[in-house]
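If you want the building blocks of each chain, they are given just below.
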Amino acid sequence: MEVNEHKRKIANLCRFCGKTTKLKSAKAKGNFKNEFATGYGIVIEEDNDFIHPPCVCLSCVRHFYRLRDSASRGELTSSLSNTPCSWKPHTEESSCICNKKKGDQV
Ligand SMILES: [Zn+2]
Ligand SMILES: [Zn+2]
């Protein structure tokens, strides 16, 4: 498996949860860089195009909007229990999330 193949596959995965996105409903992760940063300490600007997916799936989009909402009301967010997927550089040996089949634990 080539790095480019990885890049092609992650184009359809969610940056946050690692699940397959439906491209039409996915949003660019840049829309949520504040939520990534304040909620999870993830700096989107430091993402690597060859490691990290570019989009966020619809259910995570909703999650981020909820975070944004409660932040704008000055509330502490209650929904930080979601754990972001950790992305690693693709190597031949290690099993990569892009090789995982539907139903595998992420
Ligand atoms: Zn991969
Ligand atoms: Zn997601």
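Because the structure is predicted, anything quoted here is derived from the model rather than measured.

A. The overall build of the protein, seen in detail. Secondary structure summary: the protein contains three helices and two strands in total. Scored against the burial criterion, the 106 residues of the protein give a buried share of 23%. Partitioning the contacts of the protein with sequence separation of at least 6, the portion at a separation of at least 24 is 69%.

B. The arrangement of helix H2 (residues 33-40) in detail. Of the positions making up H2, those classed as buried are Glu35, Phe36 and Gly39. Buried residues of H2 fall within an arc of 100° about the axis and therefore sit on the same side. Along its buried surface, H2 packs onto helix H3 (58-72).

Quick notes on the rules
Residues numbered from 1 in each chain as written. Chains lettered and ligands numbered in written order. Predicted model: local features only at pLDDT ≥ 70, side-chain atom pairs only at ≥ 80, totals over all residues. Helix = DSSP H or I, 4+ residues; strand = E, 2+ residues; numbered from the N terminus. Buried ≥ 20, exposed ≤ 12 C-beta atoms within 10 Å, placed from the backbone. Contact = placed C-beta atoms within 7 Å. Arc of directions from axis to C-beta.

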